[in-house]
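Residues per chain, in single letters:
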Amino acid sequence: MLGKFLLSLLALSLPLQLRAEVVDIGNAELARLLAAGVPVIDIRTAGEWRETGVVPNSRLLTFFDERGRADAPAWLQQVQGVAKPDSPVIVICRSGNRTRAASQFLSQQGGYRTVYNVRDGIRAWAAEGRPLAPVSAGMAAGCAGSC
């Protein structure tokens, strides 16, 4: 009887253990995760990357284009080239709004177990004087559709 109860309890808890997690983070945690080698995916557009620069070593993978459209399956394939679903990944945009949708997509549809959403985006990172890398026109154009 106790064995069946424990087996049932284990069966119920298994989905919780496999469940994906989206964690909102601030700049201090972003810096810590960067230092630990967790990849950063900047989902903004090429114009936005050129305007502000990017967090150093970010992968530039636009999620929503200038018209607000997304090709989520194609974007997911690009993300999988950066990090596998069992590895953590950081997602950043301008202010943290677009990354909510992208992070939820990675978690719920992409099977990513740990997605870090930079809640205040690149604006807050820059406002604190954190490091930014310039983006060349060729780099931004090359990444906008094919990275």
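Scroll up a little and you will see the structure.
The following paragraphs examine the structure supplied in this document. (Residues numbered from 1 in each chain as written. Predicted model: local features only at pLDDT ≥ 70, side-chain atom pairs only at ≥ 80, totals over all residues. Heavy atoms only, no water.)

## Overview of unusual backbone geometry
- A positive phi angle, close to 70°, is found at asparagine 57, a residue other than glycine.
- Here asparagine 57 is to be found in the loop between α3 (46-52) and β3 (59-60).
- For asparagine 57, a relative accessible area of 77% puts it in the exposed group. (Helix = DSSP H or I, 4+ residues; strand = E, 2+ residues; numbered from the N terminus. Buried < 20%, exposed > 50% of the residue type's maximum accessible area, 1.4 Å probe, protein only.)

## Looking at the sheet that holds strand β5 (residues 114-118)
- Across the sheet, 5 strands lie side by side as β1-β5-β4-β2-β3; this open sheet has parallel pairing. Two strands lie at the open edges of the sheet, namely β1 (21-25) and β3, each paired on one side alone.
- Pairing between strand β4 (residues 89-92) and β5: 3 bridges, direction parallel. Each residue of the ladder has a partner; that of valine 91, found in β5, is asparagine 117.
- Here helix α5 (residues 97-108) sits on the sheet and contacts β1, β4 and β5; the angle it forms with β5, its principal contact strand, is near 180°. (Pairing = 2+ DSSP bridges. Contact = heavy atoms within 4.5 Å. Axes fitted to C-alpha atoms, helices over the stretch in contact; angles between N-to-C directions.)

## Description of the environment of threonine 52
- Following the sequence through the fold, threonine 52 ends up in helix α3.
- With a relative accessible area of 33%, threonine 52 lands in the partly exposed category.
- In the structure, threonine 52 is positioned 81 residues away from alanine 133 in sequence and 8.7 Å away in space, judged by C-alpha atoms.
- Discounting chain neighbours no more than four positions away, the residues touching threonine 52 are Arg44, Ile122 and Leu132.

## Concerning the nonpolar core
- Within the largest apolar cluster, 18 residues are counted, with the highest numbers of intra-cluster contacts made by Ile43, Phe63, Trp75, Leu106 and Tyr112.
- At 4 residues, the largest contribution of residues to this core is made by helix α4 (residues 72-80).
- In this view, tryptophan 75 contacts Ile41, Ile43, Leu61, Thr62, Phe63, Ala102, Phe105 and Leu106; residues no more than four positions away in its chain are not counted.
- Ile25, Val40, Ile92 and Ile122 belong to the second largest nonpolar core, which has 12 residues in total. (Core = buried A, V, L, I, M, F, W, Y, C linked by side-chain atoms within 4.5 Å.)

## A look at the pattern of salt bridges
- Under the defined criterion, the tally for this structure stands at 6 salt bridges.
- Between glutamate 48 and arginine 98 there is a salt bridge whose closest N-O contact spans 2.7 Å. Placement of the pair is glutamate 48 in helix α3 and arginine 98 in helix α5, with a sequence separation of 50 residues. For the pair formed by glutamate 48 and arginine 98, the shared burial category is buried.
- When the shortest N-O distance is used, the salt bridge between arginine 69 and aspartate 65 registers 3.1 Å.
- Overall, aspartate 65 belongs to the partly exposed group, its relative accessible area being 23%.
- Taken together, the shared-partner salt bridges connect Glu48, Arg94 and Arg98 into one network. (Salt bridge = Lys/Arg side-chain N within 4 Å of Asp/Glu carboxyl O.)

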